[in-house]
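A closer look at the structure
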Amino acid sequence: MPKVTGLGEAVASIADGAHIGLSGFSIARCAMAFAREIIRQGIRNLTVSQCVGAMDADMLVGAGAVDRLIYGGGSLDRFGLLANVNAAIETGTLVAEEYSSLSVAFRYLAGSLGLPFIPIRSLSGSDLLARLREKSGSDVATVEDPFTKVRWLVLKPLVPDVAVVQVQACDAEGNSWIMGPKWDNGELVKASGRAIVIAERVIPADEIRREPERSVIPGLLVSHVVELPFGAHPTSVYREYDYDSRRIEEYVEAGGSRDAFRAYLDAYVFGVKNHREYLEKIGGRDKLESLRADPVLGY
Amino acid sequence: MPKVTGLGEAVASIADGAHIGLSGFSIARCAMAFAREIIRQGIRNLTVSQCVGAMDADMLVGAGAVDRLIYGGGSLDRFGLLANVNAAIETGTLVAEEYSSLSVAFRYLAGSLGLPFIPIRSLSGSDLLARLREKSGSDVATVEDPFTKVRWLVLKPLVPDVAVVQVQACDAEGNSWIMGPKWDNGELVKASGRAIVIAERVIPADEIRREPERSVIPGLLVSHVVELPFGAHPTSVYREYDYDSRRIEEYVEAGGSRDAFRAYLDAYVFGVKNHREYLEKIGGRDKLESLRADPVLGY
Amino acid sequence: MEYTPSELMAVSGARELGDGQVVAVGVGLPMVASLLAKRTHAPDMAIVFEIGVIDSEPVHTGVGLADPRVWYRATVLSSFVDILGTLLHRGRVDVGFLGGLEVDRYGNLNTTLIGDPKGEFRHMVGSGGANDIASCAKKTVYIMRHEPRKLRESVSFITSPGYVGGGKAREEAGLAGGPSCVITDKAIFGFHPESKRMSIRSIHPGNTLEDVIETMGFKPEIPDTVPFTEAPSPEQLRLIREEIDPGRIYVG
Amino acid sequence: MEYTPSELMAVSGARELGDGQVVAVGVGLPMVASLLAKRTHAPDMAIVFEIGVIDSEPVHTGVGLADPRVWYRATVLSSFVDILGTLLHRGRVDVGFLGGLEVDRYGNLNTTLIGDPKGEFRHMVGSGGANDIASCAKKTVYIMRHEPRKLRESVSFITSPGYVGGGKAREEAGLAGGPSCVITDKAIFGFHPESKRMSIRSIHPGNTLEDVIETMGFKPEIPDTVPFTEAPSPEQLRLIREEIDPGRIYVG
């Protein structure tokens, strides 16, 4: 069965209530077109996980698509906070399980390796741990190290149903390159039941087979490959395009209130039929060309 | 302090009795020049670890430099067995702790991440485990998974004093590329106290900084960088040169008896002052050029 | 069409593999069988080597996993932890394809200590990834020569566990999966669902039941009817001879 | 030579870093301080960012760790597990360099729940790698603004533990290391070796002890003699102004 599909079909493979792990970090490589299509298709009651919360997760939370967020805190860097996530936590409409970057990464790592649990030094002595014990006592525990008799905090593996990963390039089977730092994406994909890869470019398998050391995601984990240039807009994709400051600022301003955010969604999600219309709306080819990364700098 | 040194100086930094982890797998990327220099310098009582035993470890064992071998079994592929390792196990002159590939890799992984122990499904029900329990009961134990109450086998982290890694290229700080499969080398280096990198080529830092995704070893873990073309001969270095079948066959024949192996060492280790003389002895430039890898095939 | 026992072994191995599966193999007949399956009924099967190689397309025969010839045109070149950890230990390997020096009636493999004619034990290759694959794959398939010293009542050392002492012993050791069949050059064996003893599944054409049993080190379970193993097709033979192992390194 | 409080903070931060050390930092003043140390007394120091960046050499100022501007010319681009796992959790990070919204007298950092003027709590950025760094680095250095609402008797939420409840509480939580100093725009604080309460180490030139104490939310320990913080050198100021933060994004 060919894996290369449109965005709509890939998104339609996600069930209400699924646990999805997202590739974004703050304002980099966020699965934005994917998030917009999830909202358009009305998929709901999602659990979302991410080492550090990013714009993709924030938009899904703002649209009411998320019941539960497992993450290590996050922001939109200097542009602002995750206003939708924070508001949903404050009003209690979102179950947020807050960790640190490494503790989510270790939970993915344990999931990727089939470990039953993973010991960690982080979290001890903090209120993060105190809250986790209250909220989800079943995901943290302690174990005595049989070698030293020291008691260690251990975390349960985190195994999303689907990893959704924005990459620079992949082949038709989903063998993928990720340029730049990968943050949690390697462990996320390998922990998850399957992966949806959203690529700026689908390249010939021969190119992948020429430098197989660069493959971060093996195609055998991938169910859908979506070729979607500028799929991360307004966030950046290293070596492809820069973030779009003006559009991120617009998003941040909308995050201040329910009505403003609804208007934002009406304009950029519900008001456009698909990614192509979205790209036209934010300025079309001229705007996109102005964001193109410098080949030396990578941004 | 400059890290780029000669092989002699790098080897002299290894103390008698040290635990070294070696980069070789069977007949690929073995630290052969390093092993020859260890033997020449008379460094002894080593503990050697390796996911799968290879020619570098076998030569060190054959020369009597090794007291203890922690490995997952091994061979010289179709060329033959690890005759020196096997003989030393049979005569009891070597303490061999035998695991599987993954269990050594997981022990390195635990060492690299600072985990107190790591659970594993392998080894259970086997005589490998029975022997490990007899020989080194302190490195394997069981722990109850607090989430499922299932009892798991757990392994102690493996933390060599020094990783010795044969790479294709690195910069003067030791930031290194490894082309081809890396087997255990990433986890080995990151588990170890420090690393000695033996490179076919030392390249400018600018080249490393142009593709930092390719750096497998961060320079901050490296104490010595040795530029030593054909340092893995007679084993192969992917994309650089092929293995030298004739010289491996010669080694295998010598492995049949103590006297023959002593004669081999006299010829190729004690009979040459350094790597340059060794390369002359095995056929010099003409022979080496005949082993050069085809740029497309990589061998 | 004429064929050799090795060719039938490779073809029989290929039949154990399904499309879309992930198969962990070493070099030799398991690799020939896997490449054959991939070029016939299982194009979307993934073939992985423990050292960090996925779906290579060798054009030259290698001397083992350490030979770059068998890594050629891979889609991924990574590490033990990637293959044996994130695929195998994570539970994503459908079939582990192993050879062995000795196997016992419960499918336990020995590649560590082999008795020599003088009654002494010689140390051999040990596990490599074999123990990991035997422990963690959803099922394992063995390929080995049919000789009394290779098919034994019991082995002197269990390197890679099959059904351990039989019955529920494997489960009790905490392991799922287990060997599904043993392919030799005379027959194919399965395992009895309860006792987990090796049981004849089919005999290769040209052999008799008596010959099969007399040339093994123990008496296997024998069902009421024992069919002959299906012969290779001309296309399967052509692929093995012309494309997969033209040098006849593995399929002698 | 004239200098701003931010410049003195960056220079004071740089002085806490030694050559050959591994330093985990975020963007902002900690990055300016680290780059300054590397260009002066600590050329062989390694600067790592949690998302998988080692020793980058930015030529443009970024908006945060997610900005490719701060990854430019790195020697390694890898992952959280590589930086926070194999360096930090493995015990190889000498100094963790953190900013914070609130710190209490025991050096506990809060970046999660901040009280607003109405007495309600607002959710902020949470941990990111800060909790990991505070838990696992051999020592941590904090840089933050000197305001009563930032230097507090106690914090409403411990995101990243300092000495927890003081005394041996951090050890009892299973943690080594701990904060070694807090650098503000008016003073530098250490921690009392036994009580682990924050203690004045030096006051920045131009400030008085009274002013320092009155503008914090609690009364720190005060040793018998309180020196002035050493002023930046002209070369340090030149590097900050011309090379490290020419746009004066961080060092206002």
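Residues numbered from 1 in each chain as written. Chains lettered and ligands numbered in written order. Predicted model: local features only at pLDDT ≥ 70, side-chain atom pairs only at ≥ 80, totals over all residues. Heavy atoms only, no water.

Some points on the packing of helix H5 (residues 101-113) of chain A against helix H3 (residues 80-89) of chain D
Applicable threshold: What counts as an axis is a line fitted to C-alpha atoms, over the stretch in contact for a helix, and the angles between N-to-C directions run from 0 to 180 degrees. Only runs of H or I of at least four residues qualify as helices and only runs of E of at least two qualify as strands under DSSP, and these elements are numbered from the N terminus. Note that the term roughly parallel is reserved for angles under 35 degrees, roughly antiparallel for angles over 145, roughly perpendicular for angles of 65 to 115, and oblique for everything else. Any two residues having at least one pair of non-hydrogen atoms within 4.5 Å are treated as being in contact. Just so you know the grouping, Ala, Val, Leu, Ile, Met, Phe, Trp, Tyr, Cys and Pro go in nonpolar, Asp, Glu, Lys and Arg go in charged, and all remaining residues, Gly too, go in polar.
It is at 10 Å that the axes of H5 of chain A and H3 of chain D come closest, and there the two elements cross at 105°. As summarised for this structure, H5 of chain A and H3 of chain D are arranged roughly perpendicular, according to the angle between their axes. Each of Ser101, Leu102, Ala105, Phe106 and Leu109 of chain A in H5 of chain A lies in contact with H3 of chain D, whose residues at this interface are Phe80, Val81, Leu84, Gly85 and His89 of chain D. Counted by class, the contact of H5 of chain A with H3 of chain D contains seven nonpolar, three polar and no charged residues.

Considerations on the domain arrangement of chain A
All names here are of chain A. This is how it is decided: Where a domain begins and ends is set by an automatic assignment or by a domain database. Simply put, the buried area is the total loss of 1.4 Å probe accessible area from both parts when two parts are fitted together. By definition here, a salt bridge exists when the distance from a side-chain nitrogen of Lys or Arg to a carboxyl oxygen of Asp or Glu is within 4 Å. Any N or O atom pair separated by 3.5 Å or less is treated as a polar contact, with the protein-specific requirement of one donor-capable and one acceptor-capable atom, and with residues adjacent in sequence counted only for side-chain atom pairs.
For chain A, the domain assignment lists domain 1 (7-99 + 161-290) and domain 2 (116-155). For domain 1 and domain 2, the distance between their C-alpha centres works out to 30 Å. Facing five residues of domain 1, the contacting portion of domain 2 comprises eight residues. Summed over both sides, the interface of domain 1 with domain 2 buries roughly 530 Å², with 60% coming from carbon and sulfur. Here domain 1 is connected to domain 2 by one salt bridge. Across the pair Asp139 and Arg68 runs a salt bridge whose closest N-O atoms are separated by 3.8 Å. Counting across the interface, domain 1 meets domain 2 through zero residue pairs in polar contact (both at pLDDT 80 or more). Here the element with the most residues in the side of domain 1 that touches domain 2 is strand E4 (residues 95-98); it accounts for three residues. Among the residues forming the side of domain 1 that touches domain 2, the class breakdown is two nonpolar, no polar and three charged.

Some points on unusual backbone geometry
Threshold: Think of it in three bands: residues with accessible area under 20% of the maximum for their type are buried, residues over 50% are exposed, and the middle band is partly exposed, with areas taken using a 1.4 Å probe on protein chains only.
With an omega dihedral of 10°, the bond running from His233 of chain A to Pro234 of chain A counts as a cis peptide bond. Along the polypeptide, Pro234 of chain A turns up in the loop between strand E12 (222-227) and helix H9 (245-254). Even without a glycine there, the phi angle at Arg29 of chain B is positive, about 45°. When you line up the elements, Arg29 of chain B lands in the loop between strand E1 (19-22) and helix H2 (32-41). Relative accessible area serves as the criterion here: at 2%, Arg29 of chain B is assigned to the buried category.

Some thoughts on the nonpolar core
Going by this rule: Put simply, a nonpolar core is a bunch of buried Ala, Val, Leu, Ile, Met, Phe, Trp, Tyr and Cys residues held in one set by side-chain atoms that sit within 4.5 Å of each other.
Of all hydrophobic cores here, the largest spans 374 residues; its most connected members are Ile14, Phe34 and Leu60 of chain A together with Ile14, Phe34 and Leu60 of chain B. Sequence-distant contacts of Phe34 of chain B, defined by excluding residues within four places in its chain, comprise Leu7, Val11, Ile14, Ile20, Leu22, Val164 and Ile198 of chain B. With nine residues, the next largest nonpolar core counts Phe117, Ala141, Val143 and Phe147 of chain B among its residues.

Some thoughts on the interface of chain D and chain B
Every contact between the two is made by 20 residues of chain D and, on the other side, 22 residues of chain B. Among the residues chain D hides against chain B, the three largest losses belong to Thr75, Arg90 and Arg92 of chain D. Together they make up 32% of the total. Summed over the shared surface of chain D and chain B, the result is three salt bridges. For Asp82 of chain D, the salt bridge identified is with Lys190 of chain B, shortest N-O distance 2.6 Å. At the surface where chain D touches chain B, the tally comes to 15 residue pairs in polar contact (both at pLDDT 80 or more). Top contributing element to the side of chain D that touches chain B by residue count: H3 of chain D, with six residues.

Quick look at the side chain of Lys182 of chain A
Heads up, the rule is: Neither His nor the chain termini are counted; the positive set is Lys and Arg, and the negative set is Asp and Glu.
One can find Lys182 of chain A in the loop between strand E9 (176-177) and helix H7 (185-191). Although Lys182 of chain A is buried, it forms no salt bridge, and the closest oppositely charged side chain is Glu213 of chain B at an N-O distance of 6.9 Å. What Lys182 of chain A contacts, discounting residues up to four positions off in sequence, is Arg29 and Val216 of chain A together with Ile51, Leu77 and Ser78 of chain D.

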